[in-house]
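Summary of structural features
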Amino acid sequence: MLQDGRVLIVGGWGDGIEPVPPHDSAEVFDPFTGTFSPVGSMSSARGEHTATLLQDGKVLIAGGRNVNQIFNSAELFDPLTGLFSPTGSMQGTRTYFSAVLLPSGLVLVVGGMSDDEGTVLNSAELYDPLSGTFSTTGSLDTSRGGVHNAVLLGNGNVLVVGGIDAQKNGLASTEIYNPLLGTFSPGGSLVTARGHHQVSLLYNGQVLVSGGWTGMGGTLLDSAEAYDPLTNTFIASGTMLAARVFHVGVLLENGNVLVSGGSMEASHSADAISSSEVFTCPGCEPPPSPPSQVIATDAANPTNSAVNLQWTPSLTEGISEQRIYKSGQSGGPYQLIATLQENVTGIYLDSGLVPFVPQYYVVRSFKGGKESENSNEASATPTSFPTPPANLIAQDVPNDTGQAINLNWSVSVSSTVTEQRIYRKELEASPLTLVATIPGNIIAMYVDTGLVKGTSYTYAISGFNGFNESLFSNEAVVIPQDNSPTGIPLSITTPEDQSVAFELTGVDPDQDPLS
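Everything in this summary refers to the structure shown in the same document. Note that this is a predicted model, so its numbers are computed, not measured. (Residues numbered from 1 in each chain as written. Predicted model: local features only at pLDDT ≥ 70, side-chain atom pairs only at ≥ 80, totals over all residues. Heavy atoms only, no water.)

Let's shift gears to the sheet that holds strand S22 (residues 276-279). Ordered in space as S20-S21-S22, the 3 strands form an open sheet in which the pairing is antiparallel. The open sheet has two free edges, formed respectively by strand S20 (248-251) and S22, since each of these has just one partner strand. Averaged over all adjacent pairs, the angle separating strand axes in this sheet is 25 degrees, with direction ignored. Relative to S22, strand S21 (residues 257-260) runs antiparallel, the two sharing 4 bridges. In the strand pairing of S22, Val257 is matched with Phe279. (Pairing = 2+ DSSP bridges. Helix = DSSP H or I, 4+ residues; strand = E, 2+ residues; numbered from the N terminus. Axes fitted to C-alpha atoms, helices over the stretch in contact; angles between N-to-C directions.)

In this section: the nonpolar core. Counting residues in each nonpolar core, the largest one holds 14 residues, and the members touching the most others are Leu392, Ala394, Ile405, Leu407, Trp409, Ile422 and Tyr459. Within the residue set of this core, elements represented by two or more residues are strand S31 (390-396), strand S32 (404-410), strand S34 (433-439), strand S36 (457-464) and strand S37 (476-478). In terms of nonpolar packing, the next biggest core, distinct from the first, is built from 13 residues, Val294, Leu309, Ala338 and Leu353 among them. (Core = buried A, V, L, I, M, F, W, Y, C linked by side-chain atoms within 4.5 Å. Buried < 20%, exposed > 50% of the residue type's maximum accessible area, 1.4 Å probe, protein only.)

To continue, consider the packing of aromatic side chains. Enumeration over the complete set of coordinates arrives at 7 aromatic pairs. The interplanar angle of 50 degrees and the centroid separation of 5.2 Å between the aromatic rings of Phe356 and Phe467 together place this pair among those described as tilted. Placement of the pair is Phe356 in the loop between strand S27 (347-351) and strand S28 (359-367) and Phe467 in the loop between S36 and S37, with a sequence separation of 111 residues. With relative accessibility at 52%, the residue Phe467 sits in the exposed group. (Phe/Tyr/Trp six-rings, centres within 6.5 Å; stacked < 30°, edge-to-face > 60°.)

It is worth spelling out the pattern of salt bridges at this point. All chains considered together, the criterion is met by 15 salt bridges. The salt bridge partner of Lys326 is Asp350, with a shortest N-O separation of 3.0 Å. Here Lys326 is found in strand S25 (residues 321-327), whereas its partner Asp350 is found in strand S27, with 24 residues between them in sequence. Comparing Lys326 with Asp350 shows no difference in burial state: the two are buried. For Arg421, the salt bridge identified is with Glu469, shortest N-O distance 3.3 Å. (Salt bridge = Lys/Arg side-chain N within 4 Å of Asp/Glu carboxyl O.)

On to the state of the cysteines, then. This structure, assessed with the given rule, holds 1 disulfide. One disulfide in the model links Cys281 with Cys284; its S-S distance is 1.6 Å. (Disulfide = S-S within 2.5 Å.)

Worth remembering: the numbers are spatial, not functional.
Put into structure tokens, the structure is as follows:
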């Protein structure tokens, strides 16, 4: 299945009994329209290949064979263009092998057969989508062909199940690949040796193994068993209505598995089965769907650095908790910081943060002991508010005509202030209006000019740090007056080299006498 929900069908054998040539064609099924449409063709017609969806949305087609040749080549399908393009080749030819996408984005290729003489492989390789190349990794303890199966477990390891050996006998052994170490180690043994079976990862973390056969001349199987990764053991898990090989197992939304089609012989086309059946898995209900559309925004206020989160709650009914997780780096690891005991509100304020340190968030939903996958990741960098300037004093300028005021204050103690802002108003009920800015946070004085004498003015100062503006300082009120000198200019002439005594009299602005 492609990331947009469409399904890619690529290659495979033609109608009839082998050696009918395989197809090089491909088509895409659109579940929204219920129609198939052709896309580009592969460079090589092939069957018995693998198709693995990569993290970038492309599909890796690897190995397989035609009538006369087993391939080591690989191709990439791009759903945006609908075309195939070559990529690096495997280290060796492979058919009847398995391929699994690892959490790292690499693809693990395991076992299979390398030729028509029945050479069974124990080798494994890793495909790197970034370099487009295959490289060897640790080898299996047991060579496995004959359509063994591999599945990614919930812990990131890969379980390789059964298969057919070089003597065409079914294998009961399993192995576990550790991507961190690049090595295989023995897993628990199957209840029944089998190859050409089907595996399905259940929502409870266990693995269902169904059908298959016990090897050449052996028995076609209708049995099923389940693998528990916690105990590393298999237990019998019911009997199918029909024995089958080459069938498919599809995990349904309710946690059950649809087992469909296949053959009553270990052959691709003989005695095909048209029936389907459902494996019922008690307690295997899927985890709830995650919340979506998470948005994080800076929500700093004058007393706190904070981030505001908003999201759309999970669409799953019966959610008992919403869980908010946070990390200091993109991609995690995340730590639980809060839970909401409902599934209606999609709002949370994360406060008390360190300013200017990025924060990364995901939200998960919780129901019935199961937690959803992560929502989309949202990030924000909380800012801060500077402390305001203080001790503002406004004074009339002496010896002027009432058109200027002197302002003095103590600058903000916040080192992040990049600008000081001066506000003024005339009427008590009016808002303060910005009248001037001073770069930096050093100068603590300003002369406001162009005023009207006798008018009451109110001033306040704020600090700005490039993100947020502080609260205002204290307010200072002043009324400028005309206190320039008045009267008629005097001209006094004194005789040369003689002392003269004189007295000046007048009145001050309040009409009080001066002498």
